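Residue-level structure breakdown
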Amino acid sequence: MATDYDAPRKNEEDLSEDSIEELKARRAEKNSPSVDEDEAEAAEGFELPGADLSGEELSVRVLPRQADEFTCAKCFLVHHRSQLAYEDQGQLVCSECAA
Ligand SMILES: [Zn+2]
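Predicted, not measured: the structure shown is a model, and the values here were computed from it.

In this section: the pairing of strand S4 (residues 91–94). Examined bridge by bridge, strand S3 (residues 84–88) and S4 share four bridges and lie antiparallel to one another. Along S4, the bridge assignment pairs Leu-84 with Cys-94. Turn length for the S3-S4 hairpin, with the two strands adjacent in sequence and antiparallel, is two residues, and the turn residue Gln-89 shows positive phi of about 50°.

And the structure:
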């Protein structure tokens, strides 16, 4: 009886260990593509200042900030001042992100 009790218990432990390892593996798999995305975004960001010199289209896409507008530090969207929720160390946060 004692051994019967022990056997399933060990299996459970093995199972949970396996799933943790699986989760870790899945996480690692998930992480690598997102790192690639970050790198792609960073590359785009680096290209912008240089491209600014030649193309006006890019500066139109970036949307110049108006005096009564601000760029949210969290969603990076330009909002009207009325949507400004708070300012944290010079970083303006819109009401959507503050909610
Ligand atoms: Zn925001």
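Regions with low pLDDT should not have their predicted coordinates read in detail. When the pLDDT values of the protein chain are averaged, the result is 72; 45% of them are 70 or greater. Across the protein chain, element-level confidence peaks in helix H3 (residues 95–98) with a mean pLDDT of 95 and bottoms out in helix H2 (residues 56–62) with 52.

All right, on to the environment of Ala-98 then. Along the polypeptide, Ala-98 turns up in helix H3. As a C-alpha pair, Ala-98 and Leu-84 span 14 residues in sequence and 9.1 Å in three-dimensional space. When sequence neighbours within four positions are dropped, the list of residues in contact with Ala-98 reads Ala-85, Tyr-86 and Val-93.

Let us look at the coordination of the zinc ion. Those donors, Cys-72 (SG), Cys-75 (SG), Cys-94 (SG) and Cys-97 (SG), are the protein atoms that reach the zinc ion, and they lie 2.3 to 2.4 Å from it. Expressed as a motif, the donor residue spacing for the zinc ion is C-x2-C-x18-C-x2-C.

Bringing unusual backbone geometry into the picture now. One non-glycine residue with positive phi stands out, namely Phe-76, at about 60°. Inspection of the secondary structure puts Phe-76 in the loop between strand S1 (69–71) and strand S2 (78–80). Owing to a relative accessible area of 61%, Phe-76 belongs among the exposed residues under this scheme.

The rules behind each value
The numbers attached to residues start from 1 for each chain and follow its sequence in the written order. Restriction of local features to residues with pLDDT of at least 70 applies here, the model being predicted, together with a cutoff of 80 or more for giving and counting side-chain atom pairs; totals for whole chains, interfaces and linings are based on all residues. Only hydrogens and water are set aside; all other atoms, that is, all heavy atoms of the structure, feed into the side-chain values. Pairing between two strands is assigned when DSSP locates at least 2 bridges connecting them. The helix count covers DSSP runs of H or I at least four residues long, the strand count covers runs of E at least two residues long, and both are numbered beginning at the N terminus. You can read pLDDT as the predictor saying how much it trusts each residue, on a scale of 0 to 100. In this description, contact between two residues means that some pair of their heavy atoms is separated by no more than 4.5 Å. Only nitrogen, oxygen and sulfur atoms qualify as donors, provided they sit within 2.8 Å of the metal or within 3.2 Å for Na, K and Ca; with water excluded from the atoms, sites may seem incomplete. Only protein chains enter the accessibility calculation, which uses a 1.4 Å probe. A residue is then buried if its area is under 20% of the maximum for its type, exposed if over 50%, and partly exposed in between.

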